[in-house]
Amino acid sequence: MDHGKHGKHGDLLFEEESFRARNAVFEVSRELGTGFLEAVYHEALALEFQDQQIPYVATPTLGVTYKGVFSVFSVAKSSVASGSR
């Protein structure tokens, strides 16, 4: 995929999804600027993902086995764009 003056972005596994997610992050950054707590940017990014119709998981979970016991942990304050492939 060619993105105009920025040229080819290389061999990313999810090139288009990565490009769209980065655009959403840059839009939030342009709109809010600096100085807010991380939670503000987290919520704004969730809104931007919705606006741009980018599927995402607002609070992903992570399954971990610790000393033989399997637990599922919530990865707090992380927005993860999810691929549709």
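It should be noted that the structure appears before, not after, this text.
Fair warning: this is a prediction, and the values are worked out from it, not measured in the lab. (Residues numbered from 1 in each chain as written. Predicted model: local features only at pLDDT ≥ 70, side-chain atom pairs only at ≥ 80, totals over all residues. Heavy atoms only, no water.)

*Asks:* Can you tell me about helix α2 (residues 38-51), naming the residues and giving the values?
*Replies:* Spanning 14 residues, α2 covers 20 Å between terminal C-alpha atoms, matching the ideal 20 Å at 1.5 Å per step. Within α2, the full set of buried residues consists of H42, A44, L45, A46, E48 and F49. Just beyond α2, the residue with positive phi is Q53, at close to 55 degrees. (Helix = DSSP H or I, 4+ residues; strand = E, 2+ residues; numbered from the N terminus. Expected span 1.5 Å × (residues − 1). Buried < 20%, exposed > 50% of the residue type's maximum accessible area, 1.4 Å probe, protein only.)

*Asks:* Lay out the pairing of strand β2 (residues 61-66) with the relevant residues and their values.
*Replies:* Remark: a regular strand shows side chains that alternate across the two faces of the sheet. Within β2, only zero of the six residues are buried, leaving the element largely exposed. Strand direction decides the pairing type here: β2 and strand β3 (residues 69-74), joined by six bridges, are antiparallel. Looking at the pairing, T65 lines up with F70 of β3. The turn linking β2 back onto β3 is made up of two residues, and K67 within it adopts a positive phi angle of 50 degrees. (Pairing = 2+ DSSP bridges.)

*Asks:* Residues and numbers for the nonpolar core, please.
*Replies:* In this structure, A21, A24, V28, A44, L45, F49 and I54 together form the largest nonpolar core, which totals seven residues. Apart from the residues lying within four places of it in its own chain, the contact partners of A44 are V28 and L32. (Core = buried A, V, L, I, M, F, W, Y, C linked by side-chain atoms within 4.5 Å. Contact = heavy atoms within 4.5 Å.)

*Asks:* Before we move on, could you go through the packing of helix α1 (residues 15-32) against α2 and cite the residues and values that matter?
*Replies:* Taken N-terminus to C-terminus, the directions of α1 and α2 make an angle of 125 degrees; their axes are 9 Å apart at the nearest point. When the axis of α1 is compared with that of α2, the two are oblique. Helix-helix and strand crossings are classified by hand; for α1 and α2 the assignment is right-handed. Between α1 and α2, the contacting residues are A21, A24, V25, E27, V28 and L32 on the first element and V40, Y41, A44, L45, E48 and F49 on the second. For the contact of α1 with α2, the residue count by class is ten nonpolar, no polar and two charged. (Axes fitted to C-alpha atoms, helices over the stretch in contact; angles between N-to-C directions. Parallel < 35°, antiparallel > 145°, perpendicular 65-115°, else oblique. Left-handed = near helix turned anticlockwise from the far one by under 90°. Nonpolar A, V, L, I, M, F, W, Y, C, P; charged D, E, K, R; others polar.)

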